[in-house]
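Coordinate inspection notes
Okay, here's what each chain looks like letter by letter:
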Amino acid sequence: LLLLLVMTSPFLSALYALFALTIVQTSDQHLRGDYVTVYSHCDTTPDSKIHKDNGLYYVKPSRDGPILPVVCSNGYTMIDGSLDLNLKSLPSFLSSYDYSRTSMNYIITNLDDTATFREWWLPADADTKFRVAKNCKSCESATATDSDELADNVVYYTDSSLFCYTWFNGNNPCAENVNEYACNVCDNGKFSSDGVYWTECSALQVSPDTPSWHDPQM
């Protein structure tokens with residue numbers, strides 16, 4: 001398992017995070033004689049008067065870091081890699097980055113970086129909550145399962161197919177109990193003909209505190 005950020009694809013999804021901090025003004029920007037307030041993240045208040053839902057905004061997650069274009073969705077801050085294709089801002093907020101081995105549409109950690117997603121996304125802290133957004137449409141809670149432990153604490157990881165050219169060699173990783181995440185919900189990948197289970201997954205719903213495993217069968 002390796003955490004990832006999707007850059008561009010109409011069929012894949014990006015990673016999203018709510019910076020659970022008090023909204024404060026972090027930067028002022030001069031524009032035609034007026035000052036524009038730039039916030040550290042999207043306003044979490046329902047029916048916010050500051051950020052319109054599904055609106056595109058610029059935020060400044062850290063005082064010394066660059067300004068980042070994001071989408072405000074359901075009170076969460078959507079980190080959409082397609083808004084920074086030249087990587088002028090995103091790398092400043094990551095512990096490391098590299099492209100996947102199969103496509104430049106994905107950003108992953110360096111292979112010697114075993115950070116969790118919470119550690120990878122530098123603005124996050126222990127109180128940060130995360131959601132995913134399938135097809136980059138809106139930030140939503142984890143898909144309902146028998147366990148609610150993910151709920152508003154879920155991100156996307158990828159299996160080994162994106163970072164070391166290998167994939168699970170069996171038929172059903174969940175039934176074969178390959179690892180503790182093999183039965184998690186997959187939002188993008190290769191599935192059995194009946195759609196019951198996945199054999200490759202580039203958008204697996206897991207906790208942001210999941211360690212990265214650099215193993216061919218992971």
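Residues numbered from 1 in each chain as written. Predicted model: local features only at pLDDT ≥ 70, side-chain atom pairs only at ≥ 80, totals over all residues. Heavy atoms only, no water.

**Things to note about the pattern of salt bridges**
Under the defined criterion, the tally for this structure stands at three salt bridges. Across the salt bridge formed by Asp152 and Arg131, the nearest N and O atoms sit 2.9 Å from each other. Here Asp152, found in the loop between β10 (129-133) and β11 (155-158), pairs with Arg131, found in strand β10; they are 21 residues apart in sequence, far enough to count as distant. For Asp152, a relative accessible area of 26% puts it in the partly exposed group. The partner of Lys190 in a salt bridge is Glu200, with the nearest N and O atoms 3.8 Å apart. Taken together, the residues span a long stretch of sequence, with Lys190 in strand β12 (residues 189-191) and Glu200 in strand β13 (residues 198-201) at a distance of 10 residues. (Salt bridge = Lys/Arg side-chain N within 4 Å of Asp/Glu carboxyl O. Helix = DSSP H or I, 4+ residues; strand = E, 2+ residues; numbered from the N terminus. Buried < 20%, exposed > 50% of the residue type's maximum accessible area, 1.4 Å probe, protein only.)

**So, unusual backbone geometry**
Positioned with a positive phi, Leu87 is a non-glycine residue whose angle comes to about 55°. Along the chain, Leu87 turns up in the loop between β7 (76-79) and β8 (98-99). Residue class for Leu87 comes out buried when judged on its relative accessible area of 12%. Look at Ala151: it is not a glycine, yet its phi comes out positive at around 35°. Along the chain, Ala151 falls in the loop between β10 and β11.

**Things to note about the confidence of the model for the chain**
Detailed reading of the predicted model is not advised wherever pLDDT is low. This prediction gives the chain a mean pLDDT of 78; 78% of its residues lie at or above 70. Looking at the elements of the chain, mean pLDDT is at its lowest for strand β2 (residues 14-18), recorded as 32, and at its highest for helix α1 (residues 117-120), recorded as 94. (pLDDT = per-residue confidence, 0-100.)

**Quick word on the packing of aromatic side chains**
Per the counting criterion, the structure on display carries three aromatic pairs. Measuring from centroid to centroid gives 5.4 Å for Phe117 and Phe130, while their planes differ by 85°, and the two rings are edge-to-face. Remark: Phe130 occurs in strand β10 and Phe117 occurs in helix α1; sequence separation between them is 13 residues. Side by side, Phe117 and Phe130 carry an identical accessibility label, which is buried. Chaining the aromatic ring pairs together yields one cluster made of Phe117, Trp120 and Phe130. (Phe/Tyr/Trp six-rings, centres within 6.5 Å; stacked < 30°, edge-to-face > 60°.)

**As for the side chain of Asp84**
Counting through the fold element by element, Asp84 comes out in the loop between β7 and β8. For Asp84, which is buried and forms no salt bridge, the nearest opposite charge comes from Lys88, at a distance of 7.2 Å. Looking at Asp84, its side chain comes within polar contact range of the main-chain nitrogen of Ser89, at 2.9 Å. (Lys, Arg positive; Asp, Glu negative; His and termini not counted. Polar contact = N/O pair within 3.5 Å; in protein donor to acceptor, adjacent residues only side chain to side chain.)

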